[in-house]
Every structure is written in structure tokens, then in C-alpha cells.
Amino acid sequence: MVLVRTEQPGDCRAIHEIHRHSFPTNIEAQLVDALRAAGRLSVSLIAEADQRIVGHIAFSPVTVTAGHVGAGLAPISVESAYRRLGIAAELVTTGLRACRAAGFTWAVVLGDPRYYSRFGFLPGPDFGLTDEYGGGTAFQVLELAPGSLPRSAGLVRYAHEFQFLTESSKAAVTSTKKG
Ligand SMILES: CC(C)(COP(=O)(O)OP(=O)(O)OC[C@H]1O[C@@H](n2cnc3c(N)ncnc32)[C@H](O)[C@@H]1OP(=O)(O)O)[C@@H](O)C(=O)NCCC(=O)NCCS
């Protein structure tokens, strides 16, 4: 039995640990902490099973040059022992519903199209939308309200915290190579 709910203040450490154990580095765990501290963790849901937190999904604001704001899905993690049970799917579905309720009219994700297409995500380039990371068709978009997608608007930017963490990870790699 899995319960998906909005994060509570006491959940922060468990959320950090889920991401830290699910990704090769702690970048994603730090990203969630930084977004929360900046007030840009727009939607943050946890999945609870066996009385503990086993999954998490975050959405933060993304913008296009014209100033339209959408919801960017990242990151998402499910504890390894609980994978392939549909928990991530439940987090994505509930998360998108929460984004709509929060007033977001479109969403983006950078991920495997074979997975995200099942939620209705379509390739961003087909709508004239690109990302900062050269994701190509892995950069996908979803309209949450009819006619709301900012078509042909070009570059979609993630929150500032994504840039900061990308640069700090590059710096860490560079200093490791030098050292
Ligand atoms: C990706 C992840 C969140 C999926 O969690 P999950 O609860 O097992 O996902 P679901 O049960 O809803 O779906 C499982 C299926 O979808 C695939 N899938 C799920 N999320 C996926 C993703 N983001 N990209 C590609 N495939 C994915 C799984 O391989 C699996 O395939 P199968 O049905 O053919 O066996 C989990 O594997 C994880 O935490 N991985 C490490 C962190 C990560 O890579 N996050 C995604 C990038 S931000």
C-alpha cells in the first residue's frame, strides 16, 4: 500500500537520503535542498510505504524568454527495493495534478521518452521548445491547460539552482582532475 502526499517539514532528511542513494552523486539531493531553501520547490511529493518514505518527486518553475512560467519535473527517485511497482508513475500522475492545482498550465521533463510519453509528454523540439542541456527529443513538454504551451518560444530555462549545481559539479570534476 503506497500513499502519495505533499512533503512535510520533518520529511526533508529522508527526501535528501532517497536522492543521495538513487543517483551516482549527491547533486540531486543538494538540488532539492537548494530549491526548497530558495522557495522554488513548487510541488514536492513523497511516496510512503511500510511507514516510511520510499520515493520523492520535485517540480520547480521553468521560464521561457517571453516570461511564461511552467513546471519542471526533476528530480524523481524511488528506493531500489520499491522499484517497478508503479510508484514513480503514481508520483508523476499525482505531481502533474498538483501542478495544475497550483496554477501551472504546462510542464517539462528531461528524461526517457519511452517512459514519459505514457503521461502525455511530447518532444519539446516538435513545439519549438529546447532546453539548456542539449536534451533534444529527451526534452519533453506537456500542456496542463488547453492552448497554454508557449509554442516556438525557444529556450526553456530551469531555476537558477540547476545552473549553480551544474557549475559546482563541473568545478569538482575539474579540481579532481587537477588534484
Ligand atoms: C526511475 C525511477 C524513479 C523509476 O521508479 P519506479 O517506481 O520503478 O517506476 P515505475 O514502477 O513507475 O515504472 C517502472 C518502469 O518504467 C521504467 N522507468 C521508470 N522511470 C523511468 C525513467 N525516468 N526513465 C526511463 N525509464 C523509466 C522502468 O525501467 C520500468 O520499466 P518496465 O516497466 O519496462 O520494467 C527509479 O528507477 C529510480 O529512482 N531510479 C534512479 C533515479 C533516476 O534515474 N531518476 C530518473 C531521472 S530524474
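Preceding this section is the structure that the text describes.
A quick note: this is a predicted structure, and the numbers were derived from the prediction, not measured.

1. Description of the overall build of the chain
Regarding its fold elements, the chain presents 5 helices and 9 strands. When the helices and strands of the chain are placed in sequence order, the string is β-α-α-β-β-β-α-β-α-β-β-β-β-α. Against the globule reference of 16 Å for 179 residues, the chain gives a C-alpha radius of gyration of 16 Å, in line with a compact fold. For the C-alpha atoms alone, the extent of the chain along its principal axes is close to 50 × 45 × 30 Å. The proportion of buried residues among the 179 residues of the chain is 34%.

2. Here's the deal with helix α2 (residues 27-37)
Within α2, burial applies to Glu28, Ala29, Leu31, Val32 and Leu35. For α2, the angular spread of buried residues about the axis comes to 160°, placing them on one side. In the stretch just after α2, Gly39 is the one whose phi turns positive, near 75°.

3. With respect to the site of the ligand
Around the ligand sit 17 residues in total, of which Arg83, Ala88, Ala89, Asp112 and Tyr115 are the nearest. No other element matches strand β4 (residues 69-78), which puts 5 residues into the shell around the ligand. By residue class, the composition of the shell around the ligand is 10 nonpolar, 4 polar and 3 charged.

4. Concerning the environment of Val78
Structurally, Val78 can be placed in strand β4. The class of Val78 is buried, set by 24 C-beta atoms lying within 10 Å. The sequence separation of Val78 and Ile46 amounts to 32 residues, and the corresponding C-alpha distance is 9.5 Å. Not counting the four nearest positions on each side in its chain, Val78 is found in contact with Ala47, Val54, Gly55, Arg83, Ile87 and Ala88.

5. Digging into the pairing of β4
Within β4, 8 of the 10 residues are buried, which leaves the element mostly enclosed by the surrounding structure. Note: strand β3 (residues 52-64) against β4, 8 bridges, orientation antiparallel. By the bridge assignment for β4, Val62 is matched with Gly70. Two successive antiparallel strands, β3 and β4, enclose a turn made up of 4 residues, where Gly67 displays a positive phi of approximately 95°. Examined bridge by bridge, β4 and strand β5 (residues 106-110) share 3 bridges and lie parallel to one another. In the strand pairing of β5, Gly72 is matched with Val108. Note that the unit made of β4, helix α3 (residues 87-101) and β5 has a crossover that is right-handed.

6. Observations regarding the nonpolar core
Core analysis: the largest hydrophobic core is formed by 44 residues, its most contacted members being Ala71, Leu73, Cys99 and Ala107. Put simply, the parts of the chain that give this core at least two residues each are α1 (12-22), α2, β2 (43-49), β3, β4, α3, β5 and β8 (139-143). Take this core: its biggest share by element is 6 residues, from β3. Sequence-distant contacts of Leu73, defined by excluding residues within four places in its chain, comprise Ile57, Phe59, Gly95, Ala107 and Val109.

7. Regarding α3
Across its 15 residues, α3 extends 21 Å between first and last C-alpha, which sits within 8% of the 21 Å expected from 1.5 Å per residue. Residues of α3 that are buried: Ile87, Leu91, Val92, Gly95, Leu96 and Cys99. Buried residues of α3, seen end-on, are gathered within an arc of 160° and therefore sit on one face of the element. In the core, the buried residues of α3 are packed alongside β1 (3-6), β2, β3, β4 and β5. Phi for Gly103, located one or two positions after α3, is positive at around 105°.

Cut-offs used in this document
Residues numbered from 1 in each chain as written. Predicted model: local features only at pLDDT ≥ 70, side-chain atom pairs only at ≥ 80, totals over all residues. Helix = DSSP H or I, 4+ residues; strand = E, 2+ residues; numbered from the N terminus. Rg over C-alpha atoms; globule rule 2.2 N^0.38 Å. Buried ≥ 20, exposed ≤ 12 C-beta atoms within 10 Å, placed from the backbone. Arc of directions from axis to C-beta. Near = placed C-beta within 6 Å. Nonpolar A, V, L, I, M, F, W, Y, C, P; charged D, E, K, R; others polar. Contact = placed C-beta atoms within 7 Å. Pairing = 2+ DSSP bridges. Right-handed = clockwise from strand over helix to strand, strands pointing away. Core = buried A, V, L, I, M, F, W, Y, C linked by C-beta atoms within 7 Å. Expected span 1.5 Å × (residues − 1).

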